[in-house]
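Working through the structure, step by step
Below are the chains, spelled out letter by letter.
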Amino acid sequence: MEPVLSIVKHGFPVNDPILFGGVNLLMHTAATCGANELNQVMTLDPDVTARDNMGRTALHFACRSGNLETFQVLVNNDRTDLDAVTNAGVTPLMMAIESGKIEVVAECLNNNLNPFLRDALDRSAMEYTLHFRNILGNDMRELINAAKTQWMAQTDETDRTG
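Residues numbered from 1 in each chain as written. Predicted model: local features only at pLDDT ≥ 70, side-chain atom pairs only at ≥ 80, totals over all residues. Heavy atoms only, no water.

Side note on the environment of Arg133
Examined against the element boundaries, Arg133 turns out to sit in the loop between α8 (125–128) and α9 (140–154). With relative accessibility at 45%, the residue Arg133 sits in the partly exposed group. Sequence separation between Arg133 and Gly100 is 33 residues; the distance between their C-alpha atoms is 10.0 Å. Beyond its immediate stretch of four places on either side in the chain, Arg133 contacts Asn138, Asp139, Met140 and Arg141. (Helix = DSSP H or I, 4+ residues; strand = E, 2+ residues; numbered from the N terminus. Buried < 20%, exposed > 50% of the residue type's maximum accessible area, 1.4 Å probe, protein only. Contact = heavy atoms within 4.5 Å.)

What follows is the structure, given as structure tokens:
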């Protein structure tokens, strides 16, 4: 990570792609590093809303990789769009479910990522849980159902559907 930060500090634009598909330094760090490294990148003032060619943000990368540390850094940034959708309508919550990391899914729900949104194939977060019935003795469907019940009690329909 040190060489990359040095290159950026010496003029390489922090928001420019570093990998194929438009993946920038923030996205790559969110997926592959820890909170310390991500916080170092954050000192360079990257655009946390930047998207790769598929419409993914750094939060999508943290969630898909099941990286709880970088998820927490990003979710605590006021500029992070918690319910950003990819070109296919996939949300960070859906990607967290695909990671199979129940701790990340729970943190998504605790931070109010919307469990009602649907992707381009009309699948909700609940449909993404079909392959994750028993993770560390927990059923992701139960987590999603509990979050949906809480959302129903605390929000109106426009908050649930985006």
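Moving on from the coordinates now.
Section: α9
Helix length check: α9, at 15 residues, gives a terminal C-alpha distance of 21 Å against a target of 21 Å (1.5 Å per residue), a fit within 8%. The set of residues buried in α9 consists of Met140, Ile144, Ala147 and Trp151. With its buried residues spanning 65° around the axis, α9 presents them on a single face. Facing away from the buried side of α9, by more than 90 degrees, are the exposed residues Glu142, Thr149 and Ala153. Residue Asp139 occupies the N-cap position of α9, its side-chain oxygen lying 2.8 Å from the main-chain nitrogen of Arg141. (Expected span 1.5 Å × (residues − 1). Arc of directions from axis to C-beta. Polar contact = N/O pair within 3.5 Å; in protein donor to acceptor, adjacent residues only side chain to side chain.)

Section: the pattern of salt bridges
A side chain of one charge can pair with a side chain of the opposite charge when the charged atoms of the two come close. A complete count under the given rule lists six salt bridges for this structure. Note that Arg79 is salt-bridged to Asp45, the shortest N-O span being 3.4 Å. Here Arg79 is found in the loop between α5 (68–75) and α6 (92–99), whereas its partner Asp45 is found in the loop between α3 (35–42) and α4 (58–64), with 34 residues between them in sequence. We note a salt bridge from Glu127 to Arg118, for which the minimum N-O separation is 3.8 Å. Among the residues examined, Arg118 registers a relative accessible area of 43% and is labelled partly exposed. Each member of the salt-bridge network shares a partner with another, and the members are Arg118, Asp122 and Glu127. (Salt bridge = Lys/Arg side-chain N within 4 Å of Asp/Glu carboxyl O.)

Thoughts on the nonpolar core
Taken as a class, soluble globular proteins show a tendency for nonpolar side chains to be buried jointly. Phe71, Leu74, Leu93, Ile97, Val105 and Cys108 are the most contacted members of the largest nonpolar core, which totals 41 residues. Not counting residues within four places of it along the chain, the set of residues in contact with Ile97 comprises Val105, Ala125, Tyr128, Thr129, Phe132, Met140 and Ile144. (Core = buried A, V, L, I, M, F, W, Y, C linked by side-chain atoms within 4.5 Å.)

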